[in-house]
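Survey of secondary and tertiary structure
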Amino acid sequence: QVGLYLRAPNLDWLESGLNFEFMEQLSIRDVFPLKVSEIGGDNIRINVNGLKRDHKVFCRFGYEEAYVTAILDGTSSLLCLAPSYYEIGEVGRASVKLSLTLNKVDFIDSPKDIVYEIAHVLTKLEPQLGSSTDVQVFGAGFEESKKYICWFGNTATVAYFLSHTSLVCAP
């Protein structure tokens, strides 16, 4: 820490009695996991360079003021508890920027975003009555890379991905 002094032309030095600390900039080496639940509560490990034991570090999720106090875990690792997707102020975005800060002014961004996995929600079937017709399932959180199965009572059938909000099942 250094003291702050002020001087202007034709004036003596003015001692402020205030201190300022120059700190080495943190750098993020790695973040894991990159996918977290929409309800939050997942621990995210952040491996960093330049960390000192007396640093109080905050994690910011997104660009809003959604700060979480980081917990020191070893000499170069931090843990941050992911907040709920709905607390971060960026609803509609599946991925958000993770940043570290020591002072809530200067931010160091993670090289990779945190992806919130949205839970599957079923909202509607069309049609709701039929014999051998395809049934479209509406909802949210469907992923093309996953394999879905529809169960009609005790009968299973393959569900085909149409979009992130709909599948089709053939009974």
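Preceding this paragraph is the structure being described.
Just so it is clear, the model here is predicted, and its values are computed rather than measured.

Structural notes on the overall build of the protein
From N to C terminus, the protein includes zero helices and 18 strands. The C-alpha radius of gyration of the protein comes to 25 Å, more than 25% above the 16 Å expected for a compact globule of 171 residues. Dimensions of the protein, computed from C-alpha atoms along their principal axes, come out at roughly 95 × 35 × 20 Å. The buried share of the protein, taken over its 171 residues, is 32%. Taking the intrachain contacts of the protein between residues at least 6 apart in sequence as the baseline, contacts between residues at least 24 apart amount to 45%. Carbon and sulfur atoms make up 54% of the accessible area of the protein, which totals about 11300 Å². Within the protein, the 21 negative side-chain charges are centred at a point lying 4 Å from the centre of the 15 positive side-chain charges.

Some points on the sheet that holds strand β9 (residues 77-81)
Sheet architecture is open: four strands sit in the order β3-β5-β9-β8, paired in antiparallel fashion. Single-partner strands in this sheet number two, and they are β3 (27-32) and β8 (71-72). The sheet contact formed by β8 and β9 spans two bridges and is antiparallel. By the bridge assignment for β9, Leu 72 is matched with Leu 78.

As for a nonpolar patch on the surface
On the surface, a nonpolar cluster with roughly 350 Å² of combined accessible area is contributed by Val 2, Phe 20 and Phe 22. For Phe 22, the location among the structural elements is in the loop between β2 (14-20) and β3. For Phe 22, a relative accessible area of 67% translates into the label exposed.

What to know about the pairing of strand β13 (residues 114-117)
Here β13 shows a clear split, with Ile 114 and Tyr 116 buried on one side and none of Val 115 and Glu 117 buried on the other. Pairing of strand β4 (residues 35-37) with β13, which is carried by three bridges, proceeds in the parallel orientation. Opposite Lys 35, over in β13, you have Val 115 as the bridge partner. The pairing of strand β10 (residues 95-96) with β13 spans two bridges and is classified as antiparallel. Each bridged residue has a counterpart across the sheet, and for Val 96 the counterpart in β13 is Ile 114.

Quick word on the environment of Glu 64
In this fold, Glu 64 is placed in the loop between β6 (58-61) and β7 (67-69). Taking C-alpha positions, Glu 64 is 35 Å from Leu 6, a pair spaced 58 residues apart along the chain.

Observations concerning the state of the cysteines
Evaluated as defined, the whole model comprises two disulfides. What pairs with Cys 59 in a disulfide is Cys 80, and their sulfur atoms sit 1.6 Å apart. Handedness here is read from the sign of the S-S torsion; for Cys 59 and Cys 80, about 55 degrees, the answer is right-handed. Here Cys 59, found in strand β6, pairs with Cys 80, found in strand β9; they are 21 residues apart in sequence, far enough to count as distant. Note on accessibility: Cys 59 and Cys 80 belong to one class, buried. Here Cys 150 connects covalently by a disulfide to Cys 169, the sulfurs 1.6 Å from one another. Highlighted residues: Cys 150 in strand β16 (residues 148-152) and Cys 169 in strand β18 (residues 166-169), separated in sequence by 19 residues.

As for unusual backbone geometry
Residue Pro 33 is reached from Phe 32 by a cis peptide bond, and omega for that bond is -5 degrees. On the secondary structure map, Pro 33 appears in the loop between β3 and β4. A cis geometry characterises the amide bond from Glu 126 onward to Pro 127, with omega recorded as -10 degrees. Even without a glycine there, the phi angle at Lys 104 is positive, about 60 degrees. By the secondary structure assignment, Lys 104 is in the loop between β11 (98-101) and β12 (108-109). Judged by relative accessible area, which is 38%, Lys 104 ranks as partly exposed.

The rules behind the values
- Residues numbered from 1 in each chain as written.
- Predicted model: local features only at pLDDT ≥ 70, side-chain atom pairs only at ≥ 80, totals over all residues.
- Heavy atoms only, no water.
- Helix = DSSP H or I, 4+ residues; strand = E, 2+ residues; numbered from the N terminus.
- Rg over C-alpha atoms; globule rule 2.2 N^0.38 Å.
- Buried < 20%, exposed > 50% of the residue type's maximum accessible area, 1.4 Å probe, protein only.
- Contact = heavy atoms within 4.5 Å.
- Areas by Shrake-Rupley, 256 points an atom, 1.4 Å probe, with all protein chains shown as cover.
- Lys, Arg positive; Asp, Glu negative; His and termini not counted.
- Charge placed at Lys NZ, Arg CZ, Asp CG, Glu CD.
- Pairing = 2+ DSSP bridges.
- Patch = residues over 30% accessible without salt bridge, like charges linked within 9 Å, V, L, I, M, F, W, Y side chains within 5 Å.
- Salt bridge = Lys/Arg side-chain N within 4 Å of Asp/Glu carboxyl O.
- Disulfide = S-S within 2.5 Å.

Purely geometric stuff here, so don't read any function into it on its own.
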